[in-house]
Amino acid sequence: MQAILGFTALILNLVGYIPYIRDIFRKIVKPHPYTWAIWTILTTIAAFNQVKNGGGYSSLFFISTAILVGLVFILSFRFGMGGASKIDRLCLILAALLLIYWFTSKDTHISTVVAVIIDGIGAIPTLIKVYHHPKSETYIQWMLAGIAGLLTVLAVPKFDWILLIYPLYVFIMNGAIVSVKYSQERKIRD
């Protein structure tokens, strides 16, 4: 069952990113470069931690995410929006400082918790961007990534909070982005 859930999360992740990347090229989606820079570093860390901590099939989601997020980060240089505000810079500085702390930590448990905190800081610029420009993102990638995060929680081979914290965070954060987009688009329509 864990293999089925792990591969389903992998497939949902891939299916979500294909139209997202297509919409970047169509200039519909405008990824925030700071968010995607931070997420590229962190998803790579999370992928290594999941594998190192025995994450089994749940690791597939994180490995694929690291690759896909890295691609979006590269595309954000040409097609993205944001990065000039004080909040953007503050988030980048805080994330960098915590990343330095992460490098000094040899404990994968601490590094995973720090990674979740940094990831949350990295999400702030995108949440603000979506709040002000809800049309700069599409639903499918965020919804499928959230569902994939939930499936990844279910694919964890043993109940260990360190294996659960990051995929649970992924589920919650993607849900927050979808919620902000939906509420702002509804305000615009009304």
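Small disclaimer: the values here were computed from a predicted structure and weren't measured.

Examining empty space enclosed by the protein
Per the counting criterion, the structure on display carries 2 cavities of 30 Å³ or more. Quantified by volume, the largest cavity comes out at close to 190 Å³. Lining the largest cavity are 18 residues, with Y17, W39, T65, V170 and N174 sitting closest to its centre. Taken together, the elements giving at least two residues each to the lining of the largest cavity come down to α1 (2-25), α2 (33-52), α3 (59-79), α6 (139-155) and α7 (161-189).

Notes on the pattern of salt bridges
Taken as a whole and judged by the stated rule, the model has 4 salt bridges. When salt bridges that share partners are traced, they join K135, K181 and E185 into one network.

Focus on the packing of aromatic side chains
Geometrically, a pair of aromatic rings is defined through the distance of the ring centres and the angle of the planes. Considering all chains together, one arrives at 14 aromatic pairs under this definition. Arranged with centres 5.1 Å apart and planes meeting at 75°, the rings of W36 and W39 form a pair that is edge-to-face. Placement of both W36 and W39 in helix α2 is noted, with a separation of 3 residues, approximately one turn of the helix. Residue classification places W36 among the buried positions, given a relative accessible area of 0%. For W39, a relative accessible area of 7% translates into the label buried. The interplanar angle of 80° and the centroid separation of 5.2 Å between the aromatic rings of F61 and F62 together place this pair among those described as edge-to-face. Judged on exposure class, the residue F61 and its partner F62 are both buried. In textbook terms, an aromatic cluster arises when at least three aromatic residues are bridged by ring pairs, as seen for Y17, Y20, W36, W39 and W142.

Reading the values: the criteria
- The residue count restarts for each chain, going from 1 along the sequence in the order it is written.
- In keeping with the model being predicted, local features are shown solely for residues with a pLDDT of at least 70 and side-chain atom pairs are shown and tallied solely at 80 or more, while totals for entire chains, interfaces and linings include all residues.
- Here the side-chain values reflect all heavy atoms present in the structure, with hydrogen atoms and water set aside.
- The method works on a 1 Å grid over the protein atoms by themselves. A cavity is a set of points holding a 1.4 Å probe that cannot get out, a pocket is an open set with protein on both sides within 12 Å along at least five of seven lines, and residues with an atom within 4 Å of a point line them.
- Grid points are joined across faces, edges and corners, and a volume is the space filled by probe spheres set on the points.
- Runs of E in the DSSP output that reach at least two residues are strands. Runs of H or I that reach at least four are helices, and both are numbered from the N terminus.
- We define a salt bridge as a side-chain nitrogen of Lys or Arg found within 4 Å of a carboxyl oxygen belonging to Asp or Glu.
- Think of it this way: a Phe, Tyr or Trp ring, Trp meaning its six-membered ring, pairs with another when their centres are within 6.5 Å, and the plane angle makes it stacked under 30 degrees, edge-to-face over 60, tilted otherwise.
- Partly exposed describes any residue whose relative accessible area lies between the buried limit of under 20% and the exposed limit of over 50%, with all areas from a 1.4 Å probe on protein chains only and scaled to the type maximum.

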